[in-house]
Protein chains: 2
Amino acid sequence: MGLIVQKFGGSSVANTERVMNVARIVTDTYKKGNDVVVVVSAQGDTTDDLIAKAKEISHHNSKREMDMLMAAGEQISIALLAMAIEELGCPAISLLGWQAGFRTDSVYSAARIKKVETDRIKTELDNRKIVVVAGFQGLNKYQDMTTLGRGGSDTSAVAIAAALNADRCQIFTDVDGVYTADPRKVKGARRLQEITYDEMLELATLGAQVLNNRSVEMAKKYNVELEVISSLNPIPGTIVKETTKMEKMLVRGVTKDKDVSKISIVGVEDVPGIAFKVFSQLAKNNINVDIILQSVGRDNTKDIVFTVSMANEEEAVECIKALPFIGDAKVFSDNTVAKVSVVGAGMETHPGTASKMFEALYGKGINIQTISTSEIKISVLIDEKDADKAVSAVHEAFFGND
Amino acid sequence: MGLIVQKFGGSSVANTERVMNVARIVTDTYKKGNDVVVVVSAQGDTTDDLIAKAKEISHHNSKREMDMLMAAGEQISIALLAMAIEELGCPAISLLGWQAGFRTDSVYSAARIKKVETDRIKTELDNRKIVVVAGFQGLNKYQDMTTLGRGGSDTSAVAIAAALNADRCQIFTDVDGVYTADPRKVKGARRLQEITYDEMLELATLGAQVLNNRSVEMAKKYNVELEVISSLNPIPGTIVKETTKMEKMLVRGVTKDKDVSKISIVGVEDVPGIAFKVFSQLAKNNINVDIILQSVGRDNTKDIVFTVSMANEEEAVECIKALPFIGDAKVFSDNTVAKVSVVGAGMETHPGTASKMFEALYGKGINIQTISTSEIKISVLIDEKDADKAVSAVHEAFFGND
């Protein structure tokens, strides 16, 4: 018994049948004696429908009015879920973001949570209500509706769990946990019982897409114990927390990311400040850079290679070419690459991890274009067509193939 | 130049084309130098769609959650209209009921407005914004969303006009004003330039259905000048105000109402208190009574006849029959009747009005079952099948047939 925060995404409440399914999960938790706060997103396609309506009017609508529009989506889903919970015989109350105390800054469509004033939620919990909260939304100091941007409902759930000092924050998804690799593609992929925040962050960044990164960062900061759990399959999920039980496993998972474009600057003059100028120029244009490699080239020149998401490929090339010092250097991009990574907090003390990964790739004749490492991950860029084969080979090397 | 409140119903903003049409009307008013507050309802079928979703979950949803659900409807329409106004180059800001200062009691789904705190609206008007307000909704003292019930957006508009001391409150509809009779049915029906609150109230009660009664009552109380005006046809509408210019017209209009059931109690014992007991019993059951007639019958008995809407017919008969003193009196109902009325503030000083009406009906061989009069109206109950013929005949008698 304790205080549980449960979060359900848009597909989990897409229609009446699924709303009732969520209501059953919630009331089961409540009937076991727990206090329950539920955070929900807008129903399935509601968000897309609302965006379509707005686009019929204009393609450059103000973000303030877009947030007003979008916030109606969760308002519908919280009311319906509260009705469904009441229909199952438990007391419920729905609260909009602002009623639940979400105070944000004023960056419309991508607001940051400043604080959660929990008085109202606490009062309702004291009254033994199941509290259904609209995720993704808050109120700024002008008393105007804001939204947190994509993935914001995960963050709403973690913020409430942190503010209420909840015993656990369960993120319900259509998968039943975090796996060592994509179970639909890799034979022998295993579900993890536990994983650390840092490992989860690396996995999310690397394309595992189970949890929104921002929510994991917040969970780490406030030490909120997360559980990634299935809304369809009633088995325990994967716990995300600060430290995990000692396990033999050095590597937590193998991931791939095909949304990668490799930008190369070859033969730029080898003088100080080049890297600074390149990457500050990219930052100014809001282009996120992932892997960065710099190598000395020939004849007093050097080469810089970095990766961006494919959406930013063209703009990145254009803004590098526009730099005055680029001169005769060649700038070109390649989006037929994929990033394959192994993640695991244990690897930094085990130097054999990298060579085991490279050996597995070599064994399948896969050429490594670029290598990048951090304390808890090793990433390689390879030809996109080799990606699935590479993940399977690396996974088998670390986890076997049973 | 002045401060104008404009109200648009759900059909006026049903799709993008109509939202743009509304935005043009609003911006035209603004560009003439007026301050403009716009009150809108939910888009066309949104309300019905939301009700359908709720009914899929349960047929006895709590009213608090229904109000939370329904309030999402206007949130969508105000955001879209604000975007449309901005698209036409004028500054706009949308405000939810609570942001616009609507404070209500806690009767969910039929809340009454307690006050409108206009600070926010005034600030936005001072900034030369067109303020787009969600009609139909408010906030109670528990900080929960409430709705005002059907027709509530008219009331929202009048309440804002009253609180801001606006120069005029324009209610846009799909008709271009108030007519002496239904122009689709009666040849020679004329559009009125002006009409008093009391006359409008009688017309509304009698089935003209142009304006919500509650909003007219509020307009009368706070002396808000109303204009019933077309959102499609850009001509002046009908002004509703306290006193109108002296006009020759004794009668403002002729209306009919077919949603009438006549309940008869024949032969009840003639002792004091019978009428009191009958009508207090009906009131206890929330049954609204319109015309009431009581006549002495025979042998120390009397007869009571009254009318209710057809939806209440069965319940009214049942609850009368259950009264202990009814004894052998006969209770029966008839819903094949219609009420035809003439309305006009001038008629009380002109005794010829009633006889002129009765003569017109007699001329067409129409039998009058019941007559009821007030200072500004004369109503008769007749056979339903004669209703249209009766309206035409009476209208011709007062207005000619040109």
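Computed from a predicted structure; not experimentally measured.

**Some words on the overall build of chain A**
Scanning chain A from N- to C-terminus turns up 11 helices and 20 strands. The C-alpha atoms of chain A give a radius of gyration of 23 Å, which matches the 21 Å a tight globule of 402 residues would have. Seen through its C-alpha atoms, chain A measures out along the principal axes to roughly 75 × 55 × 35 Å. For chain A, the residues scored as buried account for 55% of the 402 residues in total. Residue pairs in contact within chain A that sit at least 24 positions apart in sequence constitute 73% of those at least 6 positions apart. Summed over all atoms, the accessible surface of chain A reaches about 17800 Å², with 48% contributed by carbon and sulfur.

**Here we look at unusual backbone geometry**
Residue and element names in this part refer to chain A. Of note, serine 109 is a non-glycine position whose phi angle comes to about 75°, a positive value. Within the secondary structure layout, serine 109 lies in the loop between strand E4 (102–104) and strand E5 (113–116). One non-glycine residue with positive phi stands out, namely asparagine 223, at about 55°. Among the structural elements, asparagine 223 can be located in the loop between helix H7 (213–222) and strand E11 (226–230).

**Focus on the interface of chain B and chain A**
Taken together, the contacts link 43 residues of chain B with 43 residues of chain A. Here chain B meets chain A over a buried area of about 3300 Å², counting both sides, of which 59% is carbon and sulfur. With a closest N to O distance of 2.9 Å, A:Arg120 and B:Asp144 form a salt bridge. Summed over the shared surface of chain B and chain A, the result is 24 residue pairs in polar contact (both at pLDDT 80 or more). When residues of the side of chain B that touches chain A are traced back to their parent elements, those giving at least two are helix H1 (16–31), helix H2 (46–57), helix H3 (63–87) and strand E3 (92–95) of chain B. In terms of residue count, the dominant contributor to the side of chain B that touches chain A is H3(B) (17 residues).

**Topic: the packing of helix H5 (residues 152–164) of chain A against H7(A)**
Residues and elements named next belong to chain A. Here H5 crosses H7 at 10°, and the two axes come no closer than 8 Å. Between H5 and H7, the angle falls in the class roughly parallel. Of the residues in H7, those touching H5 at Asp154, Thr155, Val158, Ala159 and Ala162 are Arg214, Ser215, Met218, Ala219 and Tyr222. Here the contact of H5 with H7 is built from residues that sort into 6 nonpolar, 2 polar and 2 charged.

**Quick look at the sheet that holds strand E20 (residues 377–383) of chain B**
Residue and element names in this part refer to chain B. Here 4 strands make up an open sheet; going across it, the order is E13-E18-E20-E19 and the pairing antiparallel. Strand pairing shows two members of the sheet lacking a second neighbour, strand E13 (253–257) and strand E19 (368–374), which therefore form its edges. Between one strand axis and the next, the sheet turns by 20° as a mean value, whatever way the strands run. Note: strand E18 (residues 337–343) against E20, 7 bridges, orientation antiparallel. Across the sheet, lysine 339 pairs through a bridge with leucine 381, a residue of E20. Docked against the sheet, helix H10 (residues 352–363) engages E18, E19 and E20, running at close to 20° with respect to E20.

**Focus: the packing of aromatic side chains**
All chains considered together, the criterion is met by 5 aromatic pairs over all chains. Aromatic side chains A:Trp98 and B:Trp98 sit 4.4 Å apart centroid to centroid with 35° between the ring planes, which places their arrangement in the tilted category. With one member in each of two chains, A:Trp98 in the loop between strand E3 (92–95) and E4 and B:Trp98 in the loop between E3 and strand E4 (102–104) form a pair that bridges those chains. There is no split in this pair, since A:Trp98 and B:Trp98 are both buried. Here A:Phe279 and A:Phe306 contribute two aromatic rings whose centre-to-centre distance is 5.3 Å and whose plane-to-plane angle is 75°, an arrangement assigned as edge-to-face.

**Focus: the pattern of salt bridges**
Any two side chains of opposite charge can pair, so long as their charged atoms come close to each other. Applying the stated rule across the entire model yields 40 salt bridges over all chains. The salt bridge partner of A:Asp290 is A:Lys339, with a shortest N-O separation of 2.1 Å. In this pair, A:Asp290 sits in the loop between helix H8 (274–284) and strand E15 (292–296) while A:Lys339 sits in strand E18 (residues 337–343), placing the two residues 49 residues apart along the sequence. B:Glu194 is paired through a salt bridge with B:Lys241; the nearest N and O atoms lie 3.2 Å apart. One end of the pair, B:Glu194, is in strand E10 (residues 194–196); the other, B:Lys241, is in strand E12 (residues 238–241), and 47 residues separate them in sequence. Judged by relative accessible area, which is 8%, B:Glu194 ranks as buried. Counted as one network, the salt bridges with shared partners bring together A:Arg64, A:Glu65, A:Asp144, B:Arg120, B:Glu124 and B:Lys129.

**Some points on the side chain of B:Ser215**
Residues and elements named next belong to chain B. Within the secondary structure, serine 215 sits in helix H7 (residues 213–222). For serine 215, a relative accessible area of 0% gives the class buried. In this structure serine 215 touches Asp154, Thr155 and Val158, once residues within four positions along its chain are discounted.

**A closer look at the relation of the copies chain B and chain A**
Once chain B has been moved 0.0 Å along the axis and rotated by 180°, it coincides with chain A to within an RMSD of 0.1 Å. Such a combination of turn and shift is consistent with a two-fold rotation axis. Measuring from the rotation axis to each C-alpha of chain B, the shortest distance belongs to B:Ala72, at 2.5 Å. Of the residues that chain B buries at the interface, 100% are likewise interface residues in chain A, meaning the two copies contact each other through the same surface.

**Focus: the environment of B:Gly97**
Residue and element names in this part refer to chain B. Residue placement: glycine 97 occurs in the loop between E3 and E4. Sequence spacing of glycine 97 and leucine 139 is 42 residues, and the spatial spacing of their C-alpha atoms is 7.2 Å. Apart from residues lying up to four places away in sequence, glycine 97 is in contact with Phe102, Ala134 and Gln137.

**Overview of the sheet that holds strand E9 (residues 168–173) of chain B**
Residues and elements named next belong to chain B. Pairing within the open sheet is mixed, and its 8 strands lie in the order E3-E6-E2-E1-E9-E11-E12-E10. The open sheet terminates on both sides in strands that have one partner only, identified here as E3 and E10. The mean angle between the axes of side-by-side strands here comes to 20°, regardless of whether they run parallel or antiparallel. Two elements, E9 and strand E11 (residues 226–230), share 5 bridges in a ladder whose sense is parallel. In the strand pairing of E11, isoleucine 171 is matched with valine 228.

**A look at H7(B)**
Residues and elements named next belong to chain B. Burial in H7 covers these residues: Arg214, Ser215, Val216, Met218 and Ala219. You can read the cap of H7 off the contacts: a side-chain oxygen lies 3.2 Å from the backbone nitrogen of arginine 214, and it is on asparagine 212. Two residues or fewer past H7, asparagine 223 is found with a positive phi of approximately 55°.

**Some words on the environment of B:Gln294**
Here B:Gln294 shows up in strand E15 (residues 292–296). In this view, B:Gln294 contacts B:Ala275, B:Lys302, B:Asp303 and B:Ile304; residues no more than four positions away in its chain are not counted.

What counts, and where the lines are drawn
Residues numbered from 1 in each chain as written. Chains lettered and ligands numbered in written order. Predicted model: local features only at pLDDT ≥ 70, side-chain atom pairs only at ≥ 80, totals over all residues. Heavy atoms only, no water. Helix = DSSP H or I, 4+ residues; strand = E, 2+ residues; numbered from the N terminus. Rg over C-alpha atoms; globule rule 2.2 N^0.38 Å. Buried < 20%, exposed > 50% of the residue type's maximum accessible area, 1.4 Å probe, protein only. Contact = heavy atoms within 4.5 Å. Areas by Shrake-Rupley, 256 points an atom, 1.4 Å probe, with all protein chains shown as cover. Buried area = accessible area lost by both parts, 1.4 Å probe. Salt bridge = Lys/Arg side-chain N within 4 Å of Asp/Glu carboxyl O. Polar contact = N/O pair within 3.5 Å; in protein donor to acceptor, adjacent residues only side chain to side chain. Axes fitted to C-alpha atoms, helices over the stretch in contact; angles between N-to-C directions. Parallel < 35°, antiparallel > 145°, perpendicular 65-115°, else oblique. Nonpolar A, V, L, I, M, F, W, Y, C, P; charged D, E, K, R; others polar. Pairing = 2+ DSSP bridges. Phe/Tyr/Trp six-rings, centres within 6.5 Å; stacked < 30°, edge-to-face > 60°. Least-squares fit on C-alpha atoms with pLDDT ≥ 70 in both.

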